[in-house]
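Spelled out from the first residue to the last, the chains are:
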Amino acid sequence: MAVARIRNFSIVAHIDHGKSTLADRLLALTGTMDAKKAVDQVLDSMDLERERGITIKAHTVRLLYRARDGHEYTLNLIDTPGHVDFSYEVSRALAACEGALLIIDAAQGIEAQTLANYYLAHEAKLAIIPVINKIDLPAADVEGTREQITEELELDGHEALAISAKHGTGVPEVLEAIVARIPPPVGDPDAPLKALVFDSYYDSYLGVVVYVRLIDGRVRSGTRIAFMSNGRTYEVHQIGVLTPGLTPVEELSAGGVGYLTASVKRVADAKVGDTITEAVRPATEAIPGYRDAKPMVFAGLYPIEDTDYEALRDALEKLRLNDPAFTFEPETSLALGYGFRCGFLGMLHMEIVQERLERHYGLSLIVTSPSVQYRLLTTAGEVLEVDNPSKLPTPDKIEEMEEPYVGASIFVPTEFMTAIYRLAQEKRGEHRSLEYLGGKRVHIRFDFPLAEIVVDFYDKLKSISKGYASFDYEFSGFRLAELVKLDILLNGDPVDALSIIVHRDKAYEKGKALVEKLRQVIPRQLFEVAIQAAIGSRVIARETVKAMGKNVTAKCYGGDITRKRKLLERQKEGKKRMKQVGKVEVPQEAFLSVLKS
Amino acid sequence: MLADRRPVTASLGAYIHAPFCAKRCGYCAFNTAPWEPAAMARYVRAVMREMDLAGTVAWTPDVPVHSIFLGGGTPSLLAADDMSAILDRLRRRFRVLHDAEITVECNPESVTRVKLEAYRRAGVNRISLGVQAVDDQVLERLGRLHGAAAARAAFDAAREAGFGNVSVDLMYGLPGVERDDWRHGVETVLAWAPEHLSAYGLSLDPGSLWGASGVDGLPAEDAVVAQYWTLVSMARDHGFEHYEVSNYARPGYRSRHNLTYWRRGEYLAFGPGAAGFVADVRWANVKPVPRYCSETEAGRLPVDTCERLTDRQALAERLILGLRVADGVPASWLEERATGDGQLRTRIDWWQARGLLVFDNDRVRLTEEGYLLSDALFIDLL
C-alpha cells in the first residue's frame, strides 16, 4: 500500500455528541463490521467505560475505503481515551495521526470537551475536520453552529460537514473529506525503522500485543526490533492490522498502523510513547514526546478480610500485566494489617483499579487516604522519598521537606476567570501567565502543589466552570514547604491509615473537616467513639459518635422468622464492609472520607 | 411439603392469619386487605379448605396442637359464627388439645360483650387487645379507629364475657408522646389489671405508609429508651415478669403460642401470608388474598416460599430466638457457635463485661439492657 493512500485519524468530541455512532457508521459503510457488533465490541469493550461514559483504552480499527476517485484507501481510525488522568495517552494516540474529526452536536454547539479536544488536536498539529452532527434533531441549528466554529475555534465553519450519524445522512462525505482533507503520512519506507507505540495490552496466548504507527521503515515477522527507551531487543513474531480483530499481514511500512507481537512479557516493556526501531540499523533519534508514565498518587490497598491478602496480590499482579502505569509493593499498617502501597496516575486511575479488583476479582478492599510523594532531608543528612504519611519521621528528625509541584494549563471562557482564580488561591496555586484567545477565552497557567489537585480539583473546576474549563498538568519539580502530619485518633488510638500530610496553614481546617466527615460515616457502636485530629500530641479537632441506644426488633410478624433472619443477614452483609480498627468498626468509605472533606 | 416432613417436637402451635382491616394504620407493614363482606366470606371458606388440604397429611392425627393464635389484620372482624366454624374445622382436621391456648387479636372498636361471649363459646380463651395508646389524639394519628374510652370498654367487655386471660398491646416511641404521657398510658393500662402486656417500640418498616413517607414528631432515641425503662420498672412494680424483649406477664400467664416461636417450636400456618415451620422447613403462604383463595379453591396448598434450613442456620435461629426470652438458652449452644470464632468470643466477653449478657448455671441470657441492643449481638450469631 502506497503511503499516499493511507490516512490516519481520530475522532474527538464532547461526551454524547455522537462519537461512537459516527465510528459505528464508518465501520458499517466501509463494510468493516456489522454496525451493532461494532459498537458493542469495539468502541465500548469494557463495562467500566460504558458505565462511566469515558474511554480508558485507545481503540483502533483499519477501514478499507474505495473513494470516488476510484482508488482504495486505508483509513486508520485511532480512538483516544477521554480523561485528564490519561492525557499523556491521548497525546500519544493523536501523535499517531495526521488528522482528526471534531464532532459537534448541532443542537448543543461547542462545549467544554469540544474545546479541550480541539486544543489537543491543534497542539498535535493535526488537520482538523469539523463535523456538525445530529442535524436531524428538531433543535438542530446548523448555521449557528457553523458561526460558532468560525468564532470560537480557529477553523472555517463553512467547511464543516453537516451530518446525521444516526440516520447516515452525510456520512459518505465524511469518508471523502478524510481522503481529501487529511494529508497522507510522510515517511520513508527505506529509512531505518521508527515506530511509535501508542497502546499495548497483554494477551495470555500472544504475550504483549503492541499497537504501532510506523513513521519510517518497515517491519516484518522475523525483524529484530529494539525499544529505544530501554534498549531491549526482540524478534517480531507476528505483525498485522486491526480489523478490529488481529489480522496478520506480511509487512507494515512507513505511515502504516497495526500491531506486532514479539514475545514481550510485560506491558511495562512496551510502554506507550516509546519508539521501536530495528536492532541492526537503529534510527538516530526516538520520536519526541516519550514520557515514562509515573505514578503521582499513592494509597494503601488492604483486603477487608485478612485471608484475602494472597488473592489481592495475585489480582494486582494480573492487573499490572496490562497497566504498567500502576505500581504496588507490600506494606503493613497497624490498623489494617497486611496490604499494598499502590501508585496511580491520578484519582480516576485509582478508582478504576479499585473497581476492577472488586468487580473482577470479588475482593472487598479498604483504600487509605491518597498521598503524593514527598521528599525530605533528615537531620542526619539523608534524602528520603515518602509516599505514606505513617512512614514520615518525627519532626525532630526532619531538616526540611519538599512537596511535588505541577505546571497546570487551564482553558476557560472569560466569564469563569474570577471563579478559577478563587479556586486556584484556595488550592495554593501560583499564577504564571494569562493569554487571551480571541475575545471569549483565556489560557491560564498556574503552578500547583500536586497534593492540592489530585483529589477533587478537576471536579471542582468542572463544576465552577459549568464544564467549560479544560485542564492538563505536568510534573514540574519539588519545592520546599511547611508540611505537618495530621493524625486521626479513634478513642485515643492513632489510626495510621487515616494520617495525612498537609500544609501547616491548612491543618486546622482540614482536621476539623475530617473529624466531622468521619462522625458522619462511622456508624454508632455499642460504646461512644471519640474522633480526634492531632498534630503531634496537640489535638486540634474532636467529634463524638454517641453510643447506640437501641437496636432491637420489637416484634416478629406472626412467627415470620425468615423475615427477621433476612433483615439481620442484610445488616450483617453491611457489616462485612467494615474493618475492625481496635474495637471500633470503621466502614470502607471512612478511609476515603479524607478525600471528600 | 407437610406430607414428607414430620414434626420433631411433641406438639405444635397453629397460626391463622385474618387479613382484613377496616382501615390500614400508618405504621403497619403486615399483610392486610380492605374489609369487604364478600371477600371475607370467600376468605372464610378458603381458610377452612386450606385446613382440609393440610389435614389429609398422615401424621396430623398423632401430633397434638397446643396453641392457636388468630392474628391479623383484624381477626375480630370475623363474625362469631365464622370464628366458630374456623376453629371447629381446625379441631376436626387436627388434634387440638382440650386445654390449648386459643388467642384472638381484637381491635377495641370491633368487639362487644356479646361477640366476645360467642368467641368464648367457640373455644377462644385468651384475648389480645390492640389498645396501642390511651390518648385520643395519638390514636387518631396512628390511624386507629378507637379512642381511649372504647379501649377501656373493650377490656371490660372481655372481662364481662368471662375472659380471665387478657393481654393488652401498647406501642412506645410514638410521635407526639412525651415521657409523662407514656407513664400515664402505662399506669392507665396497668390499672385495668390485665394478665399480660405486650409493648412494641415503633419501627418504620418498609411496606408501611410511615416507612415510605416518614412521620413527623418522632421522639429522640434516648426518649424512646427512657420509655422502655419506665415500662420495665412499672411492669415489675405491678408484679409482671419481663419474659421476652417486648412481653410482660403475671406469673403463669406467659403466652404459650409466642413462646413456641422463641423456643423454635413448630407451628402450622393458615391464611394469606401466614408463616409456618415444621421439621427443617420454614414456609409462607401467598400474600394477596384473591390469589390465596383461588389456590385453595383449586385444591392446592397456597404455599408461596419455602426454605430448608441448614444446621448452621438452625443453630443461629435457636440462639437469636432463644435469647429474646428471659430464660435464655443453654450455654452449650453459644459455646458451639463460638467455637473457632475468636471475634465472636471477644464480643461475647465484652457483652458479659458490660452486663448485657449473663451466664447463669449452665444457661445464658440477655439482661433487660441487653434486650435493647440485642440485634447488634444477633448479627454476629448468624
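Quick caveat, the model's predicted, so the values are computed rather than measured. (Residues numbered from 1 in each chain as written. Chains lettered and ligands numbered in written order. Predicted model: local features only at pLDDT ≥ 70, side-chain atom pairs only at ≥ 80, totals over all residues. Heavy atoms only, no water.)

Before going further, it helps to examine the overall build of chain B. In terms of regular secondary structure, chain B is built from 15 helices and 17 strands. Taken against the 2.2 N^0.38 rule, which gives 21 Å for 382 residues, the C-alpha radius of gyration of chain B at 21 Å falls within 12% of a compact globule. With respect to the three principal axes, the spread of C-alpha positions in chain B is 55 × 50 × 40 Å. In chain B, buried positions account for 60% of the 382 residues. Within chain B, contacts between residues at least 6 apart in sequence are counted, and of these 71% link residues at least 24 apart. (Helix = DSSP H or I, 4+ residues; strand = E, 2+ residues; numbered from the N terminus. Rg over C-alpha atoms; globule rule 2.2 N^0.38 Å. Buried < 20%, exposed > 50% of the residue type's maximum accessible area, 1.4 Å probe, protein only. Contact = heavy atoms within 4.5 Å.)

Before going further, it helps to spend a moment on the domain arrangement of chain A. All names here are of chain A. In terms of domain boundaries, chain A breaks down into domain 1 (3–181), domain 2 (194–278), domain 3 (297–370), domain 4 (375–480) and domain 5 (484–596). The distance between the C-alpha centroids of domain 2 and domain 3 comes to 30 Å. The interface is formed by 8 residues belonging to domain 2 together with 4 residues belonging to domain 3. When domain 2 packs against domain 3, close to 460 Å² is buried across both sides, 62% of that on carbon and sulfur atoms. Broken down residue by residue, the surface that domain 2 buries against domain 3 is led by Tyr-202, Val-267 and Ala-268, which jointly contribute 69%. Seen at the junction of domain 2 and domain 3, the total is 0 residue pairs in polar contact (both at pLDDT 80 or more). Looking at side-chain class alone, the side of domain 2 that touches domain 3 contains 4 nonpolar, 1 polar and 3 charged residues. (Domains from an automatic or database assignment. Buried area = accessible area lost by both parts, 1.4 Å probe. Polar contact = N/O pair within 3.5 Å; in protein donor to acceptor, adjacent residues only side chain to side chain. Nonpolar A, V, L, I, M, F, W, Y, C, P; charged D, E, K, R; others polar.)

A separate point is a negative patch on the surface. All names here are of chain B. Negative charge collects at one region of the surface, where Asp-135, Asp-136, Glu-140, Glu-178, Asp-180 and Asp-181 lie side by side. Listing elements by their share of the negative patch, those giving two or more residues are α4 (136–142) and α6 (179–191). Considering the arrangement of structural elements, one finds Asp-135 in the loop between β6 (126–132) and α4. (Patch = residues over 30% accessible without salt bridge, like charges linked within 9 Å, V, L, I, M, F, W, Y side chains within 5 Å. Areas by Shrake-Rupley, 256 points an atom, 1.4 Å probe, with all protein chains shown as cover. Salt bridge = Lys/Arg side-chain N within 4 Å of Asp/Glu carboxyl O. Lys, Arg positive; Asp, Glu negative; His and termini not counted. Charge placed at Lys NZ, Arg CZ, Asp CG, Glu CD.)

This part takes up the interface of chain A and chain B. Contacts between chain A and chain B engage 32 residues on the former and 40 residues on the latter. Both faces considered, chain A and chain B share a buried interface measuring about 3300 Å² in area, 56% of it formed by carbon and sulfur atoms. Scanning the region where chain A abuts chain B turns up 5 salt bridges. Linking Asp-375 of chain B and Lys-564 of chain A is a salt bridge whose minimum nitrogen-to-oxygen distance equals 3.4 Å. Taken together, the connections running from chain A to chain B amount to 15 residue pairs in polar contact (both at pLDDT 80 or more). For the side of chain A that touches chain B, a count of residues per class yields 10 nonpolar, 8 polar and 14 charged.

With that settled, the discussion passes to empty space enclosed by the protein. Under the counting rule described, the total for this entry stands at 5 cavities of 30 Å³ or more. Volume-wise, the largest cavity comes out at about 250 Å³. Around the largest cavity sit 23 residues that line it, and Lys-555 of chain A together with Phe-69, Glu-105, Tyr-200 and Asn-258 of chain B are the ones nearest its centre. Of all the secondary-structure elements, those providing two or more residues to the lining of the largest cavity are β4 (64–72), β6, β7 (166–172), β8 (196–201) and α9 (256–262) of chain B. Looking at the lining of the largest cavity, its residues break down into 8 nonpolar, 9 polar and 6 charged. The space that makes up the second largest cavity amounts to roughly 110 Å³. Breaking the lining of the second largest cavity down by element, the ones donating at least two residues are β17 (297–303) and β18 (327–333) of chain A. Take the lining of the second largest cavity: its biggest share by element is 3 residues, from β18 of chain A. A per-class count over the lining of the second largest cavity returns 3 nonpolar, 8 polar and 3 charged. (1 Å grid on protein atoms, 1.4 Å probe; cavity = no way out; pocket = protein on both sides within 12 Å on 5 of 7 lines; lining within 4 Å. Points joined across faces, edges and corners; volume = space filled by probe spheres on them.)

This part is about the domain arrangement of chain B. Residue and element names in this part refer to chain B. When its domains are assigned, chain B resolves into domain 1 (12–262) and domain 2 (311–381). Computed over C-alpha atoms, the centres of domain 1 and domain 2 are 29 Å apart. In this complex, domain 1 contributes 14 residues to the contact, which on the side of domain 2 involves 10 residues. Here domain 1 packs against domain 2, burying approximately 1100 Å² in sum over the two surfaces, 60% of which is carbon and sulfur. At the surface where domain 1 touches domain 2, the tally comes to 3 salt bridges. Asp-327 is the partner of Arg-254 in a salt bridge, and the nearest nitrogen-oxygen pair spans 3.5 Å. Across the domain 1-domain 2 interface, the total number found is 8 residue pairs in polar contact (both at pLDDT 80 or more). If you list the elements that add at least two residues to the side of domain 1 that touches domain 2, you get α8 (221–237), β9 (241–244) and α9.

All names here are of chain B. Taking 1.5 Å per residue as the helical rise, helix α1 (residues 37–54) with its 18 residues ought to reach 26 Å, and the 26 Å between its terminal C-alpha atoms agrees with that figure. Within the span of α1, buried status applies to Met-40, Tyr-43, Val-44, Ala-46, Val-47, Met-48, Glu-50, Met-51, Asp-52, Leu-53 and Ala-54. Looking at the buried side of α1, the elements it contacts are β1 (12–18), β2 (20–21), α2 (80–93), β11 (267–270), β13 (281–285) and α10 (289–297). (Expected span 1.5 Å × (residues − 1).)

This part is about the pattern of salt bridges. Inspection of every chain in the model, using the stated rule, returns 56 salt bridges over all chains. Of the charged contacts in the structure, one is a salt bridge between Asp-387 of chain A and Arg-341 of chain A, with a shortest N-O distance of 3.4 Å. You can see Asp-387 of chain A sitting in the loop between β22 (383–386) and β23 (398–413) and its partner Arg-341 of chain A sitting in strand β19 (residues 337–344), a full 46 residues away along the chain. As far as the burial class goes, Asp-387 of chain A and Arg-341 of chain A line up, both buried. Across the salt bridge formed by Glu-307 of chain B and Arg-565 of chain A, the nearest N and O atoms sit 2.4 Å from each other. Note that Glu-307 of chain B is positioned in strand β14 (residues 303–308) and Arg-565 of chain A in helix α14 (residues 561–576), a pairing that runs across two chains. Comparing Glu-307 of chain B with Arg-565 of chain A shows no difference in burial state: the two are buried.

Our next topic: the sheet that holds strand β17 (residues 363–366) of chain B. Residue and element names in this part refer to chain B. With antiparallel pairing, the 3 strands of this open sheet are ordered in space as β15-β17-β16. The sheet is open, and its two borders are formed by β15 (329–330) and β16 (357–360), each paired with just one other strand. In terms of strand pairing, β15 meets β17 through 2 bridges, oriented antiparallel. Looking at the pairing, Val-329 lines up with Val-364 of β17. Lying over the sheet, helix α13 (residues 342–353) contacts β16 and β17, oriented at roughly 90° with respect to β16. (Pairing = 2+ DSSP bridges. Axes fitted to C-alpha atoms, helices over the stretch in contact; angles between N-to-C directions.)

For the rest of this paragraph, the subject is the sheet that holds strand β8 (residues 207–216) of chain A. Working definition: the strands of a sheet are paired by backbone hydrogen bonds and lie parallel or antiparallel to each other. All names here are of chain A. Strand order in the open sheet formed by 8 strands is β11-β10-β16-β7-β8-β15-β12-β13, with antiparallel pairing between adjacent strands. Among the strands making up the open sheet, the edge pair consists of β11 (233–235) and β13 (246–248). Direction aside, the axes of adjacent strands within the sheet are offset by 40° on average. Bridging between strand β10 (residues 224–227) and β11 involves 3 bridges; their strand directions are antiparallel. Across the sheet, residue Arg-224 finds its bridge partner in β11, namely Glu-235.

All right, on to the packing of helix α8 (residues 309–322) of chain A against helix α9 (residues 347–361) of chain A then. Residue and element names in this part refer to chain A. The contact between α8 and α9 brings their axes to 11 Å, and the two run at 120°. As judged from the angle between their axes, α8 and α9 are oblique. In the crossing of α8 with α9, the sense of the turn from one axis to the other is right-handed. In this structure, α8 uses Leu-312, Ala-315, Leu-316, Lys-318 and Leu-319 to contact α9, whose residues at the interface are Val-353, Arg-356, Leu-357 and Tyr-361. Tallied by class, the residues present in the contact of α8 with α9 amount to 7 nonpolar, no polar and 2 charged. (Parallel < 35°, antiparallel > 145°, perpendicular 65-115°, else oblique. Left-handed = near helix turned anticlockwise from the far one by under 90°.)

Here we take up the packing of aromatic side chains. Counted according to the given criterion, the structure contains 29 aromatic pairs over all chains. The interplanar angle of 65° and the centroid separation of 6.1 Å between the aromatic rings of Tyr-309 of chain A and Tyr-338 of chain A together place this pair among those described as edge-to-face. Taken together, the positions of Tyr-309 of chain A in helix α8 and Tyr-338 of chain A in strand β19 put the pair 29 residues apart, joining distant regions of the chain. Among the residues examined, Tyr-338 of chain A registers a relative accessible area of 58% and is labelled exposed. Consider the rings of Phe-326 of chain A and Phe-328 of chain A, whose centres lie 6.0 Å apart with planes at 25°: the pair is stacked. Here Phe-326 of chain A falls in the buried class, since its relative accessible area comes to 0%. Ring pairing ties together the aromatic residues Tyr-421, Phe-446, Phe-448, Phe-457, Tyr-458, Phe-471 and Tyr-473 of chain A, which thus form one cluster. In this structure, Lys-583 of chain A is placed above the aromatic ring of Phe-527 of chain A, and the distance from its NZ or CZ to the ring centre is 5.4 Å. A cation over a ring is seen here: Arg-282 of chain B above Phe-277 of chain B, with NZ or CZ 3.9 Å from the ring centre. (Phe/Tyr/Trp six-rings, centres within 6.5 Å; stacked < 30°, edge-to-face > 60°. Lys NZ or Arg CZ within 6 Å of the ring centre and 35° of its normal.)

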